[in-house]
Amino acid sequence: MDLRPENFQSVAEIEVAKVAQRDFVVMVAGVFNYLCDTAMTAYGDGSAQDEARAAGAQIRTNSLNNLAELLQEFETNANRNGIQVLWAADAEEACQLVKGLVEKHQVKTISKGKSMISEEIGLNHFLEKEAGVKIYEGDLGEFIVQLRGTLPFHIVGPAINMTVQEIAGVLQQHIDMPYTEVATEIVSYVRTYLRDKFERADMGITGVNQAIASTGSLMLVENEGNIRWVTSAPRVHVALMSIEKVCANFADAFHLLGLLTRNCTGQAITSYVSVLNGPRRAEEVDGPEAMYVVIIDNGRSIAYQDPLLKDALRCIRCGRCGIQCPIYLRIGANPYGWIYPGPIGNVIAPVIMDLDRTRDLYEACTLCGGCQSVCPSGMSHLDIMTHYRQMKVKGDDRFGGTRICIKERSGFKILARGMQNPGLYKAGVKIARRFLNQRSQDGYITQMPGPMSGWFRCRDFPEMPEKTFRQRWQDELQEEARQTADRAVAHPEAAAQNEEG
Amino acid sequence: MSSRAMILERLNSATWTKPSSSREVISTPASIVSGDVEMFVSKATAAGAQVEEVGSLDEVQNRLVQIVQEEQLQKIVITDEENLKEIDWEQLSQQTKSQVQSIAQLPGENYRSYVVEAGLGVTGCKYALAETGTVVLEHSHSNERLVSHAPDHYVCIVKRDQILKDRYVLASLFDSGLSSTAWTLVTGVSRTADVALQVVLGMHGPRKVTIFVVG
Amino acid sequence: MKPGNGLLAKRSDLMSKVSLFIPCAVDAVLVSVGESTVRLLARLGFDLQYHEEQTCCGQPVITAGHLDLARDAACRFISIFEEDEVVVSPSGSCVSTIRHDYPRLFEDEPEWQRRAVELGQRVYELSEFLVDVAHIEDVNAHFSGKLAYHKSCHLLRALGIDHQPQTLLKNVHGAELVPMQDDHVCCGFGGQFSIKYPYISEAIVGDKVKNFLASEADLLVLSDPGCLLNIRGYLHRNHPGRQVKHLAEVLAESV
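Keep in mind the model is a prediction, meaning the values are calculated, not measured.

Rules behind the numbers
Residues numbered from 1 in each chain as written. Chains lettered and ligands numbered in written order. Predicted model: local features only at pLDDT ≥ 70, side-chain atom pairs only at ≥ 80, totals over all residues. Heavy atoms only, no water. Salt bridge = Lys/Arg side-chain N within 4 Å of Asp/Glu carboxyl O. Helix = DSSP H or I, 4+ residues; strand = E, 2+ residues; numbered from the N terminus. Buried < 20%, exposed > 50% of the residue type's maximum accessible area, 1.4 Å probe, protein only. Pairing = 2+ DSSP bridges. Axes fitted to C-alpha atoms, helices over the stretch in contact; angles between N-to-C directions. Contact = heavy atoms within 4.5 Å. Core = buried A, V, L, I, M, F, W, Y, C linked by side-chain atoms within 4.5 Å. Expected span 1.5 Å × (residues − 1). Buried area = accessible area lost by both parts, 1.4 Å probe. Polar contact = N/O pair within 3.5 Å; in protein donor to acceptor, adjacent residues only side chain to side chain. Nonpolar A, V, L, I, M, F, W, Y, C, P; charged D, E, K, R; others polar. Domains from an automatic or database assignment. Parallel < 35°, antiparallel > 145°, perpendicular 65-115°, else oblique. Left-handed = near helix turned anticlockwise from the far one by under 90°. Phe/Tyr/Trp six-rings, centres within 6.5 Å; stacked < 30°, edge-to-face > 60°. Lys NZ or Arg CZ within 6 Å of the ring centre and 35° of its normal.

S.K.: Explain the pattern of salt bridges to me, using residue names and the numbers behind them.
M.R.: Across all of its chains, the model carries 63 salt bridges over all chains by this definition. Residue Lys114 of chain A pairs with Glu142 of chain A through a salt bridge whose shortest N-O separation is 3.2 Å. With Lys114 of chain A in the loop between β2 (109-112) and α6 (116-120) and Glu142 of chain A in helix α8 (residues 140-148), this residue pair connects regions lying 28 residues apart in the sequence. Here Lys114 of chain A and Glu142 of chain A have matching classes, each one buried. In this structure, Arg262 of chain A engages Glu131 of chain B in a salt bridge whose closest nitrogen and oxygen atoms are separated by 3.5 Å. Pair noted here: Arg262 of chain A is in helix α12 (residues 250-264) and Glu131 of chain B is in the loop between β5 (127-129) and β6 (134-139), and the two residues belong to different chains. Of the two residues, Arg262 of chain A and Glu131 of chain B, both sit in the buried class.

Structure (C-alpha cells):
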C-alpha cells in the first residue's frame, strides 16, 4: 500500500473492511474515553471541567498571541542556561542541522524519546541514510513501529492496533526475541535490549512537550522512562520542537500538563515529567555535555498569519480527538497517509503539505464535532476544516490549493439558484421525484447508477411522496391546524380529557 | 535572511489583531501550600509505589536492611543528600553484606558503571505532591539523575514537611526561579501499555518504587 | 401535567404564534415529519404560520465551502423569517446553520450579520422550543414500548440540546426510554459524506444500528432529518421491520 494522503480513498476502503481491527479499536476508544472522562473529574463537575479546558484554551491563546516574543524570551533564557537554540525553516533544514550536530560530536548511535516532530521531518530515515548513524526508538510502541516500518497508529499509542502475536512476531524477526505472547516477558526482553543502547548512545534526541519561556526550560512527559535515559546518559541531547510549543511560565505549563495527561491516557500525571534547564555542570556526571533545541517551523508560520488557521497550532498532542472521531476509529491511521492521523491530521496536514494533496482529510468528515467537544486547548476543528473547504473552492496560493473545477461547482450553483427561487425549487423537487420514484419498489429506491450510487451501497432511500409538505399545507394541513389549535385554546381541559379518553 | 529571522518576521507580520495579553492564571491561594500526607500516600500507592510511613530515619534504615536481605541485593547506590547522611550506611552494608556506594565517593566513570549495576538506588527529594503522589527530585552532583532511574528498585525518602498540595504550588516555586540543571517528577513506577493495552510495570525505569514518609 | 393547562398558564400571547421552518428534506421526502410537527404544535394550541416562499437553508452549500453561493440564499431566508417572533424547525442541523453559520457568512457585512444573529436567537429546534421556551415537558403523547434516543451531532454539540428531547420522551405515556451504547456518536450521515465515502459511512451507521438493536428498544428516536434518512435507509435495507422515527412523529401520536 502506498500510504499518502492522496490515496486516502483507496486505502480507506481496504482498511474499513478489517472488521476485527475496527471493533477492537472502537472498544479501546471506549475504554480510553472512560478513563479520560474519569480523570477529568479531578477538576470537579462538568462546569468545573469546562473551566479547566477553557483555562487550557486561554493559555494556548496567550502563547499564540505572543508567539514571537515568547520564542525569543525562551531563546535568551535557554542560552543563558547553556542550551544552544537553532532554528529550522523546514524539514530539510531541521534534518541538516541535526546531521551537523551528529558530525560535530562524532555521534555513532542515537537513542530517542518519542517525538512526533522528528517523524514529521523524517529524521530517522534521513540520519540513517545521510549520516550513517544507528538510531533506536526508546518508546516501546514507537520501537515496534520502527522495526516494522509502518506508520504509527495513534500519536500516543503507535502500535495499539497490533495484537500480542503480531508484536511478538516483529520482535522475534528483528531483534531475535524468543517468541512469547506474555506481555511481561516481551517488556522484559525489550527493556534489556534497549537498556544497553541507552547506556551506549552518543546522542539522545527527544521532542518537547512545553518550552518554558520565562526560565528557558524544557518539559518532557512520559511513562516508560526512555526520555529520562535519553536525556541523562548520552553526551549530547538534541530536543526538537515546533514553533508553537512554548508557553510563558510553569503555571501555564503545569496546567497544560494536567489536561494533556488526563486526556491522553487518563492519568493525573505520567510516571515521569522531566524539567531540563541545561547541560550538566562541571561536577555532574549524568546529563549531556552539550544540549541543543531545534525550533522547527515547517509551514506553521504561514498558517500563523491567517486569523483562523493559526488556531491549528493550538494542539498539545493529547490525542483525545482521535478517540472521538467516528471516521478515524473505523479506518485507522493508514488512509491519512501521514504521521498525524484523525482530526489532528485533518487540521494540521493541509498547512504542512498542501490543500490539494490532503483534500480527503478535510472532506472525509461528517462535521460531528466530537473532536472539538473534548479538546483541552480550545481548537475549533470544524471551523478549520470548513475553512479549508472554502479555500479549496476559491483556490489558495499560500497552501497549494488549486481552485476546484467548474463541473464540480455546477451542482452547488444549481442548488443555490433553487434556494433563491421557489419556482425553480419546486420544479427541481418535481424532477427529482420523477427521477427517483420511477425506480421505487414498495416505497423505497434500492439502487441507482451515477453520482448518487454511494448512498445505495448500504441503504435504501424512501420514495418521495406525491405531495410535498408545502402542497399538503395548502391543501389541508393549514386549515386542520387552525381548527385543532382553536379547540385546544378554547377548551384546554376538554381537549386534554378528550385526548386522554 | 536566516531561518530565525524569517520565522520571527512571519510571526510578527501576522495580519490579525492580537489582543493585549490578558492572562488568567490558575492560581492556588498562597495559604494552602502544604499537602495532606494521607492523600500523598494513597495517590502514590495508586500509581504503583509502595509507601510506608515511618517515625524516623532509624526505622528507614531497619526497613532498608530487610529489603536488601529479602531481595538479596549486592550493590546499592545512594545520593549525597543531607537527609540520607543520618542513616548509618556502613552498618547497613555490614549487616547485609552488600556494597553501598555514595555518588560522592564515585568519580565520573566509576559512578556510571556502578549505577547501572546497582540493584537499589536511594535518594531523598526536594518536594512531594499530595495531589498526585509525586516525588520531585532536584538533580545535581549530589543527586545524579540515574540513581533514581537505573536500578531495578528505587527508594525515595520523603519528609512530611516536604509534601506540597499540588502541581500549582510547585509551579509557583519554579516560576520564582530554579537553578539546578534538571528536575524530575516521579509518580509511581515506570510503565507501558503498548503491548495490546496490558499495563506492565517496569518498562525502562525501576520495576519497583518504595517511598518512606518520615516524621 | 395537563398539556393545555400548563401551556396556557406559562405562555405569553406573543409566543402562541409559531412560524414553521420546514427543511427541504422534510418538505420533499420526509413529509410525515412536517405533518407531525404541525399536528403536535396545533394540538398544543399554537397558531401556526408557514411561509410558502421558503426553500432550503443552504447547509449543503455552506459545508462544501461555497460561501459565495450561500450568501444570497441566506439573505433571502433572513428576509422571509425575520418578522416572526418565533421560528420552529424539526431539524437541529438546519437550526444550527441559521444560528451559527449565517452570522459567519456576513463577516464583511455588519448589517446583514446583525440581522442574521437576531434571527438566530429566535429560531428553535422543536424540542428546544417546547421545553425551554414554552415550558412544556409532557405533550400527552403515547407509545407502548421501549424507546432509544440517538443524540444527533448538531443537536447535541452545536446547539447543546440534550435533556429537552429526552425529557419529552420520558414523559411519553406507556413508553420507557432505555439507554443505548454510544448514543452520542455520529450516525455517519454527514450530507455529502455519505455519498462520497459510502464505505466509511456504512461502517459508522452499521455500529449505530448494532447499538440500537442491542438496546432492545422497539423504536429509535431522533430529531434530525439527515440522521433519519440515513438510519431509516440502512434499517430498511438490512433490518426490515426495525423502526426509526423523528421525535415529532412520536410526540404527535396522542393518548
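Still to come is the rest of the account.
S.K.: Tell me about the sheet that holds strand β7 (residues 153-159) of chain B, and name the residues and values.
M.R.: Residues and elements named next belong to chain B. Ordered in space as β1-β12-β7-β4-β2-β3, the six strands form an open sheet in which the pairing is parallel. Because the sheet does not close on itself, it has two edges, and the strands there are β1 (50-54) and β3 (99-102). Looking at each pair of strands side by side, their axes are set apart by 20° on average, direction ignored. Looking at chain direction, strand β4 (residues 120-124) and β7 are connected through five bridges and run parallel. Its bridge partner being in β7, Val122 is matched across the sheet by Val155. Lying on the sheet, helix α2 (residues 37-46) is in contact with β1, β7 and β12 (208-214); it crosses β1 at an angle near 155°. Contacts from helix α3 (residues 57-70) reach β1, β2 (75-78), β4, β7 and β12 within the one sheet, and its direction differs from that of β12 by about 160°.

S.K.: Can you lay out the arrangement of the chains for me, pointing to particular residues and giving the numbers?
M.R.: Contacts between protein chains span two pairs of chains, and they are most numerous for chains A and B. For chain B and chain C, which are not in contact, the least C-alpha distance works out to 14 Å.

S.K.: Residue-level account of the nonpolar core, with values.
M.R.: Counting 106 residues, the largest nonpolar core has Leu41, Leu48, Tyr102, Phe129 and Leu130 of chain C as the members making the most contacts within it. Among the elements that take part in this core, helix α5 (residues 67-81) of chain C stands out by supplying 10 residues, more than any other. Other than its neighbours up to four places away in sequence, Leu130 of chain C contacts Leu40, Leu41, Leu44, His135, Ile136, Val139, Leu168 and Leu251 of chain C. Membership of the second largest hydrophobic core comes to 57 residues, among which are Ala12, Val16, Cys325 and Ala333 of chain A.

S.K.: Any details on helix α13 (residues 225-238) of chain C? Residues and values, ideally.
M.R.: Residue and element names in this part refer to chain C. Compared with an ideal rise of 1.5 Å per residue, which puts 14 residues at 20 Å, α13 spans 20 Å between its outermost C-alpha atoms and is within 8% of the ideal. Among the 14 residues that make up α13, 11 are buried, leaving the element largely enclosed by the rest of the structure. Looking at α13, one finds that the buried residues are Pro225, Gly226, Cys227, Leu228, Leu229, Asn230, Ile231, Arg232, Gly233, Tyr234 and Leu235.

S.K.: Lay out the interface of chain A and chain B in plain terms, naming residues and giving numbers.
M.R.: Between chain A and chain B, the contact holds 92 residues from the first and 71 residues from the second. Considering only the side of chain A, the residues that lose the most area to chain B are Arg191, Arg228 and Asp286 of chain A, jointly responsible for 11% of the buried surface there. Between chain A and chain B we count five salt bridges in total. Arg10 of chain B is the partner of Asp297 of chain A in a salt bridge, and the nearest nitrogen-oxygen pair spans 3.6 Å. Along the contact surface separating chain A from chain B lie 47 residue pairs in polar contact (both at pLDDT 80 or more). If one sorts the elements of the side of chain A that touches chain B by residue count, helix α10 (residues 183-200) of chain A sits on top with 11 residues.

S.K.: Any details on helix α18 (residues 381-394) of chain A? Residues and values, ideally.
M.R.: Between its first and last C-alpha, α18 of chain A extends 20 Å over 14 residues, near the 20 Å set by a 1.5 Å rise per residue. Buried residues along α18 of chain A sit in contact with α15 (342-352), α16 (359-363), α17 (370-374) and α19 (406-420) of chain A together with α4 (59-63) and α5 of chain C. Downstream of α18 of chain A by one or two residues, Gly395 of chain A has phi in the positive range, about 90°.

S.K.: Any chance you could break down the interface of chain A and chain C for me, citing the residues and the numbers?
M.R.: Many descriptions give the size of an interface as the accessible area lost when the pieces come together. Taken together, the 73 residues of chain A in the interface contact 81 residues of chain C. Summed over both sides, the interface of chain A with chain C buries roughly 7000 Å², with 61% coming from carbon and sulfur. In this structure, the connection of chain A to chain C is made through 10 salt bridges. For the pair chain A and chain C, the number of links is 33 residue pairs in polar contact (both at pLDDT 80 or more). Among the elements that line the side of chain A that touches chain C, the one with the most residues is helix α21 (residues 469-490) of chain A, at 12 residues. The residue makeup of the side of chain A that touches chain C, split by class, is 39 nonpolar, 14 polar and 20 charged.

S.K.: Provide a residue-level description of the pairing of β12 of chain B, including the pertinent values.
M.R.: Residue and element names in this part refer to chain B. Taking burial as the measure, the seven residues of β12 include six buried ones, the bulk of the element. Where β1 and β12 come together, five bridges link them in parallel fashion. By the bridge assignment, Val51 is partnered in β12 with Ile211. Note that β7 and β12 share seven bridges and pair parallel. Counterpart to Cys156 in the pairing with β12 is Ile211.

S.K.: So what's going on with the packing of helix α2 (residues 19-40) of chain A against α12 of chain A? Residues and values would help.
M.R.: Residue and element names in this part refer to chain A. One way to put it is that α2 packs onto α12 with a least axis distance of 7 Å and a crossing angle of 145°. Taking contact as the criterion, the partners of Phe32, Cys36, Ala39 and Met40 in α2 are, on α12, Leu259, Arg262, Asn263 and Cys264. Residue composition of the contact of α2 with α12, grouped by class: six nonpolar, one polar and one charged.

S.K.: Could you give me a rundown of the domain arrangement of chain A, with the residues and numbers involved?
M.R.: Splitting chain A by domain gives domain 1 (1-43 + 310-394), domain 2 (55-298), domain 3 (406-462) and domain 4 (471-500). Each of domain 1 of chain A and domain 4 of chain A has a C-alpha centre, and the two are 49 Å apart.

S.K.: Kindly report on the packing of α21 of chain A against helix α3 (residues 31-43) of chain C, identifying the contributing residues and their values.
M.R.: Where α21 of chain A contacts α3 of chain C, the axes come no closer than 8 Å and their chain directions differ by 20°. The orientation of α21 of chain A with respect to α3 of chain C, classified from their angle, is roughly parallel. In terms of crossing hand, the pair formed by α21 of chain A and α3 of chain C is right-handed. Contacts between α21 of chain A and α3 of chain C involve Phe469, Arg472, Trp473, Leu477, Glu480, Ala481, Thr484, Ala485 and Ala488 of chain A from the former and Val31, Gly34, Glu35, Val38, Arg39, Ala42 and Arg43 of chain C from the latter.

S.K.: Account for the pairing of strand β9 (residues 182-186) of chain B, with residues named and values stated.
M.R.: Each regular strand carries side chains that alternate between the two faces of the sheet. In terms of residue burial, β9 of chain B counts as a mostly covered element, since five of its five residues are buried. Neither face of β9 of chain B is exposed, since Ala182, Thr184 and Val186 of chain B on one face and Trp183 and Leu185 of chain B on the opposite face are all buried. One ladder, built from five bridges, connects strand β9 (residues 272-276) of chain A with β9 of chain B; its direction is antiparallel. Residue pairing in the sheet places Tyr272 of chain A in a bridge with Val186 of chain B of β9 of chain B.

S.K.: Go over the packing of aromatic side chains, please, and point to the residues and values.
M.R.: Two aromatic rings are characterised by how far apart their centres lie and by the angle between their planes. Inspection of the entire model under this criterion finds 28 aromatic pairs over all chains. Ring geometry for Trp455 of chain A and Phe189 of chain C: centres 6.1 Å apart, planes at 85°, overall edge-to-face. Residue Trp455 of chain A is located in the loop between β11 (444-445) and β12 (461-462), and its partner Phe189 of chain C is located in the loop between β6 (173-177) and α11 (193-196); the two belong to separate chains. The exposure class assigned to Trp455 of chain A is buried, which follows from its relative accessible area of 4%. Through a chain of ring-to-ring contacts, three or more aromatic side chains come together here, namely Phe8, Phe153, Tyr328 and Tyr336 of chain A together with Phe193 and Tyr197 of chain C. Stacked on the ring of Tyr193 of chain A, the Lys or Arg Lys197 of chain A has its end atom at 4.5 Å from the ring centre. Between the NZ or CZ atom of Arg115 of chain C and the centre of the ring of Trp112 of chain C, over which it lies, the distance is 4.1 Å.

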